[in-house]
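Examination of the molecular architecture
Here are the chains, one letter per residue:
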Amino acid sequence: QLRSQMKNKTMAMAMADPTKQVTMPTNRLSLCFRASILSILVSNCQVVRAFTTPSASTSQLPPIKAAVIVPGFLTGRDEFQPLAESLIARGIPSVVIPMPNWHWIPCIGGRSMRPVLERIDVAVRHLAASDGDITAIPDVGYSLVDCWNDFWTNPGGVAEVGGTSDPDQYPIVEPRGTFPAAGDPKGRVAIIGHSAGGWISRVYLSKRNYGGKIYGGSDLIHSVVTLGSPLGNAPGAAFAGVGWCNKEALAPGVRGLAVAGKGFPGDSSGEFTQNCYSFCCKDGTDGTGYDGDGVTPVHSSLHFEGAEKLIIDDCAHFAWTDVFGGSIIAPDLTEKYREKGGYWYGSDGKIDEWASWLLDM
C-alpha cells in the first residue's frame, strides 16, 4: 500500500507539470517500506517466530562426540561435575550448563523454564561452535539483583504469575543476565537431562514457541538422554511444562533414550518416595503401587514418544548420602539407598548401562 500510494503521488506531480522531471524517491521509499515491514514484524513477533524454519546448514550438521549436562531441579554445575568427569573418562567430552543451584530460584513453583533454557542454549551453541571443546563454554553474567527481578516476573506456576499457568499463554518476559553469543555451529552435540532437566531439554529441542522464543535445539542436538525425568502427564501447574512437551514426539533426526531406575517401591521406601510417586501420577493414586528410583516412578520416566527405553535395577534418583539434609528430608530413602550399595544414574556401577548408548552412534 505504501509503495502504491507514493507511486500515485509521484505520477500526479508529473501530470501537473509535464515539463518537470520527476523521479521516484527510491531511497526514501525503501526506508519507509522497510520501516513499515519492521513495525509489522515487531507487533506480530510471536506469529513470525512460529513460522521460523531451520536452515539447511544446521539440519545437516555432522554429529560431534560431546555432551551438555542439564542438572535436575535445585542442583547445579557443582553437583554434576563428577558425572561430567566420569563421562570424559569414558570418551565423551561433557560439560554441565553454566548454572549454580541458586539460579533455579525464579523457576520455583512450576514457572517458565526460560531462565534455564537460556543457559542450555549458551552451553549447546558454544560446544557446537567449538567442535566439542568443553573448555570453550563461557559463564553467564547473573547477579542477585537479576535473580530477584526474575523471581517476581518469570511467568506461570501455581501463582499464575503473568496471569496464566499455561506455557502457551505465557507473556513474553526475557530472562535477565548476560548470555554470550557463540559462533557458527560446526556440528551437533548430545544433551543429557537429569530429573526436571530431562523434560526441560525436550522444550529446548522443540520448534514451537515457548514463552516468546523458539529454541529449535533439534538443529544442534543429535542425541538426548533423560535420567529419571518426570515425563508423564500429571495434574497441577508443576506439570504444565511436561504436558507442553508431550504434545509432540521426538524430532526427526534426533536419537532419544529415556532411562528409568527401579528398586525403590512406593510402599516400602518411606513417605517421601510415596508422595513423589503420587505427585507424578495422573490418576491421583497414593503412589504405593509403583516402583521407581525413589522420586520418579518408572512409567513416568519412560513416557517419551519416539525414544528408546531403558530400566536400570537398584538405581536411585540421586546420591542421597551426598545430599545436604537428605537423611532429614528422606530418611527411609537415604537408608535404603545406602543398603542397596549407593548407586544412582551417575555411579560407576550404573553409568555404563546408559552411557554406552551415546558411544554407539
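This report concerns the structure included in the present document. (Residues numbered from 1 in each chain as written. Predicted model: local features only at pLDDT ≥ 70, side-chain atom pairs only at ≥ 80, totals over all residues. Heavy atoms only, no water.)

**Section: the packing of helix H5 (residues 77-89) against helix H14 (residues 348-359)**
For any two helices packed against each other, one specifies the inter-axial angle together with the distance between the axes. To keep it simple, the criterion reads: Only the stretch in contact is used when a helix axis is fitted, and all axes are lines through C-alpha atoms; the angle between N-to-C directions ranges over 0 to 180 degrees. By the criteria applied, helices consist of DSSP H or I runs no shorter than four residues and strands consist of E runs no shorter than two, each listed in order from the N terminus. The labels follow the angle: roughly parallel below 35 degrees, roughly antiparallel above 145, roughly perpendicular from 65 to 115, and oblique for the rest. Helix crossings get a hand from a simple test, with the near helix turned counterclockwise from the far one by less than a right angle marking a left-handed crossing and a clockwise turn marking a right-handed one. Note on contacts: a residue pair qualifies if any of its non-hydrogen atoms lie within 4.5 Å across the two residues. Basically, the charged four are Asp, Glu, Lys and Arg, the nonpolar ten are Ala, Val, Leu, Ile, Met, Phe, Trp, Tyr, Cys and Pro, and anything else, Gly included, counts as polar.
Contact geometry of H5 with H14 gives a least axis separation of 11 Å together with a crossing angle of 60°. With respect to H14, the element H5 is oriented oblique. Considering the relative orientation of H5 and H14, their crossing is right-handed. Residue-level contacts link Leu83, Ser86 and Leu87 of H5 to Asp348, Ile351, Trp354 and Ala355 of H14. In the contact of H5 with H14, the residues fall into five nonpolar, one polar and one charged.

**Observations concerning the sheet that holds strand E5 (residues 255-262)**
Inclusion rule: Should DSSP find at least two bridges between two strands, the strands are regarded as paired.
One open sheet accounts for six strands, arranged E2-E1-E3-E4-E5-E6; its pairing is parallel. Looking at the sheet topology across the chains shown, the edges are occupied by strand E2 (94-96) and strand E6 (308-313). Averaged over all neighbouring strand pairs, the angle between strand axes comes to 20°, with direction disregarded. Summarising the sheet, E5 and E6 pair through six bridges and their orientation is parallel. Across the sheet, the residue bridging to alanine 260 is isoleucine 311, located in E6. In the packing of helix H6 (residues 114-129) onto the sheet, the strands contacted are strand E1 (63-70), E2, strand E3 (188-194) and strand E4 (221-227), and the crossing angle to E1 comes to about 160°.

**What about the pattern of salt bridges?**
The following threshold applies: Salt bridges are counted wherever a side-chain nitrogen of Lys or Arg sits within 4 Å of a carboxyl oxygen of Asp or Glu. Accessibility here uses a 1.4 Å probe with only protein chains present; expressed as a share of the type maximum, an area under 20% marks a residue as buried, one over 50% as exposed, and anything in between as partly exposed.
Enumeration over the complete set of coordinates arrives at 14 salt bridges. In this structure, arginine 114 engages glutamate 174 in a salt bridge whose closest nitrogen and oxygen atoms are separated by 2.9 Å. Placement of arginine 114 in helix H6 and of glutamate 174 in the loop between helix H7 (144-153) and E3 is noted, with a sequence separation of 60 residues between them. A relative accessible area of 1% means that arginine 114 is categorised as buried.

**Remarks on the pairing of E1**
The criterion, for reference: Whether a crossover is right-handed comes down to one check: with the strands pointing away from the viewer, does the path from the first strand over the helix to the second run clockwise; if it does, it is right-handed.
Of all the eight residues making up E1, six are buried; the element is thus mostly covered by neighbouring parts of the structure. Pairing of E1 with E3, which is carried by five bridges, proceeds in the parallel orientation. Looking across to E3, one finds that proline 63 is bridged to arginine 188. The pairing of E1 with E2 spans three bridges and is parallel. Residue pairing in the sheet places isoleucine 69 in a bridge with valine 96 of E2. Handedness of the E1-H5-E2 crossover: right-handed.

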